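Inside the fold
So you can see what is in the structure, the chains are spelled out below.
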Amino acid sequence: MTIKRRKVSVIGGGFTGATTALMLAQKELSDVVLVDIPQNEDPTKGKALDMLEASPVQGFDSNIIGTSNYEDTKDSDIVVITAGIARKPGMSRDDLVQTNQKVMKSVTQEIVKYSPNCYIIVLTNPVDAMTYTVFKESGFPKERVIGQSGVLDTARFRTFVAQELNLSVKDVTGFVLGGHGDDMVPLIRYSYAGGIPLETLIPKDRLDAIVERTRKGGGEIVGLLGNGSAYYAPAASLVQMVEAILKDQRRVIPAIAYLEGEYGYDGIYLGVPTILGGNGLEKIIELELTEEEKTALGQSASAVKNVMEALV
Ligand SMILES: NC(=O)c1ccc[n+]([C@@H]2O[C@H](COP(=O)([O-])OP(=O)(O)OC[C@H]3O[C@@H](n4cnc5c(N)ncnc54)[C@H](O)[C@@H]3O)[C@@H](O)[C@H]2O)c1
Ligand SMILES: O=C(O)C[C@H](O)C(=O)O
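If you're wondering where the values come from, they're calculated on a predicted model, not measured in any experiment.

Here we take up the nonpolar core. Ile78 and Leu177 are the most contacted members of the largest nonpolar core, which has 77 residues in total. Ranked by residue count, the leading element in this core is helix H9 (residues 232–246), at seven residues. Inspection of this core shows a minimum of three residues originating in each of domain 1 (5–146) and domain 2 (149–308). For Leu177, the residues in contact, after removing those within four places along its chain, are Met184, Val185, Leu187, Tyr263, Gly271, Val272, Pro273, Leu289 and Leu297. Residues Phe160, Ile188, Ile202 and Ile210 belong to the second largest nonpolar core, which totals 12 residues.

Right, let's get into the sheet that holds strand E10 (residues 192–193). In space, the three strands of this open sheet follow the order E7-E10-E11, with antiparallel pairing throughout. Each edge of the sheet is formed by a strand with only one pairing partner; in this case those strands are strand E7 (172–173) and strand E11 (196–197). With two bridges joining them, E7 and E10 adopt antiparallel strand pairing. Across the sheet, Val172 pairs through a bridge with Ala193, a residue of E10.

Buried residues dominate strand E1 (residues 7–11), accounting for four of its five residues. Both E1 and strand E2 (residues 31–35) contribute to a ladder of five bridges, which runs parallel. Counterpart to Lys7 in the pairing with E2 is Asp31. Handedness of the crossover joining E1 and E2 through helix H1 (residues 15–26): right-handed.

Glancing now at helix H10 (residues 291–309). The terminal C-alpha atoms of H10, which comprises 19 residues, lie 27 Å apart, in line with the 27 Å expected from a rise of 1.5 Å per residue. Among all positions of H10, only Glu293, Ala296, Leu297, Gly298, Ser300, Ala301, Val304, Val307 and Met308 are buried.

Where H1 meets H9, the closest approach of the two axes is 8 Å, and the angle between their N-to-C directions is 50°. The pairing of H1 with H9 is recorded here as oblique in orientation. For the crossing formed where H1 meets H9, the hand is right-handed. Every residue of H9 that contacts H1 at Thr16, Thr19, Thr20, Met23 and Leu24 is listed here: Tyr232, Pro234, Ala235, Ala236, Leu238, Val239 and Val242. Taken together, the residues of the contact of H1 with H9 break down into nine nonpolar, three polar and no charged.

Before going further, it helps to spend a moment on the site of ligand 2. Close contacts around ligand 2 come from Arg87, Arg93, Asn125, Leu152, Arg156, His180, Gly218, Ser229 and Ala230, and that covers them all. One of the side-chain N or O atoms of Arg87 is found 2.5 Å from an oxygen atom in ligand 2. Contact between ligand 2 and Asn125: an oxygen atom at 2.8 Å from a side-chain N or O atom of the residue. Against a free-state accessible area of 260 Å², the protein chains account for coverage of 95% of ligand 2. By residue class, the composition of the shell around ligand 2 is two nonpolar, four polar and three charged. Two domains each donate at least three residues to the shell around ligand 2, and these are domain 1 (5–146) and domain 2 (149–308).

Cut-offs and rules
- Residues numbered from 1 in each chain as written.
- Chains lettered and ligands numbered in written order.
- Predicted model: local features only at pLDDT ≥ 70, side-chain atom pairs only at ≥ 80, totals over all residues.
- Heavy atoms only, no water.
- Core = buried A, V, L, I, M, F, W, Y, C linked by side-chain atoms within 4.5 Å.
- Buried < 20%, exposed > 50% of the residue type's maximum accessible area, 1.4 Å probe, protein only.
- Helix = DSSP H or I, 4+ residues; strand = E, 2+ residues; numbered from the N terminus.
- Domains from an automatic or database assignment.
- Contact = heavy atoms within 4.5 Å.
- Pairing = 2+ DSSP bridges.
- Right-handed = clockwise from strand over helix to strand, strands pointing away.
- Expected span 1.5 Å × (residues − 1).
- Axes fitted to C-alpha atoms, helices over the stretch in contact; angles between N-to-C directions.
- Parallel < 35°, antiparallel > 145°, perpendicular 65-115°, else oblique.
- Left-handed = near helix turned anticlockwise from the far one by under 90°.
- Nonpolar A, V, L, I, M, F, W, Y, C, P; charged D, E, K, R; others polar.
- Near = heavy atom within 4 Å.
- Polar contact = N/O pair within 3.5 Å; in protein donor to acceptor, adjacent residues only side chain to side chain.
- Areas by Shrake-Rupley, 256 points an atom, 1.4 Å probe, with all protein chains shown as cover.

As structure tokens, this is what we get:
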């Protein structure tokens, strides 16, 4: 019996795509195929070769190639989509919808052609609506098409809480519900430091400030970078999701999932707590929400629905 190496293709070889490829290889999760448009083929090959040349120093054995030929993605276990444009200062994620919808449709057709059994994880913004676009275009079951936002938004929240309390980030847990926009809903009631509820450790006004900073976390980085958006923490977030599926970890991870009645929503993709494992999105965890939390989630869902109405 031959044991096959795992293969992850990353579509879009820009900041998030290239960083994701490197992090996947550094963890030896799979071989990696980094795909960009034909005009960028040489720089994409160059990035992949440069990463590969880091492997003897760092001691990882994953292969990495750069390409614009989708045949190279054949039989991928997981395909991550980071292709498209990113926002610049003064723009919202929703301003990207028209351009990126077209990109989602074309790359999905190629993905499906060569890897009809893969799992797809979407990063491209506006990510809730782009995940929906990929779901429709692929014809895949909902368990195999998910989007990334919650791991990143939660990571930002955990970072700010750890800074506030001067504690290890490892001891801080939390999670964020809803769409990946400024109306996202960090759930304080379910957030802890070493098992101790945050509400008992941080005064309300400070917690409110942390929630607000989390909501605007993407914009804070866009403002600082000046010519693009975050990529290190987004790439790390994608890698956590890929790892949960490839290793069948059954981790509780906030992901953008297709809702069919859960939380009172039907036919939209929205960030919710899920179980990710070898079968992709194995379960959506439904929590009892307070009236205030339901209202906040409703606002976030309305923002996602508004973007979905702009889809063609
Ligand atoms: N969901 C999230 O949490 C999250 C986090 C970070 C970034 N993003 C989004 O991810 C996307 C990528 O961000 P980035 O910083 O990597 O941008 P980037 O501009 O650095 O890279 C995008 C790459 O996609 C390529 N591309 C464009 N059209 C393509 C196509 N048809 N096929 C293949 N490749 C194509 C471009 O040539 C470019 O190299 C943006 O939409 C950004 O908003 C989302
Ligand atoms: O903010 C952006 O445009 C990119 C990404 O969605 C993020 O949250 O960092």
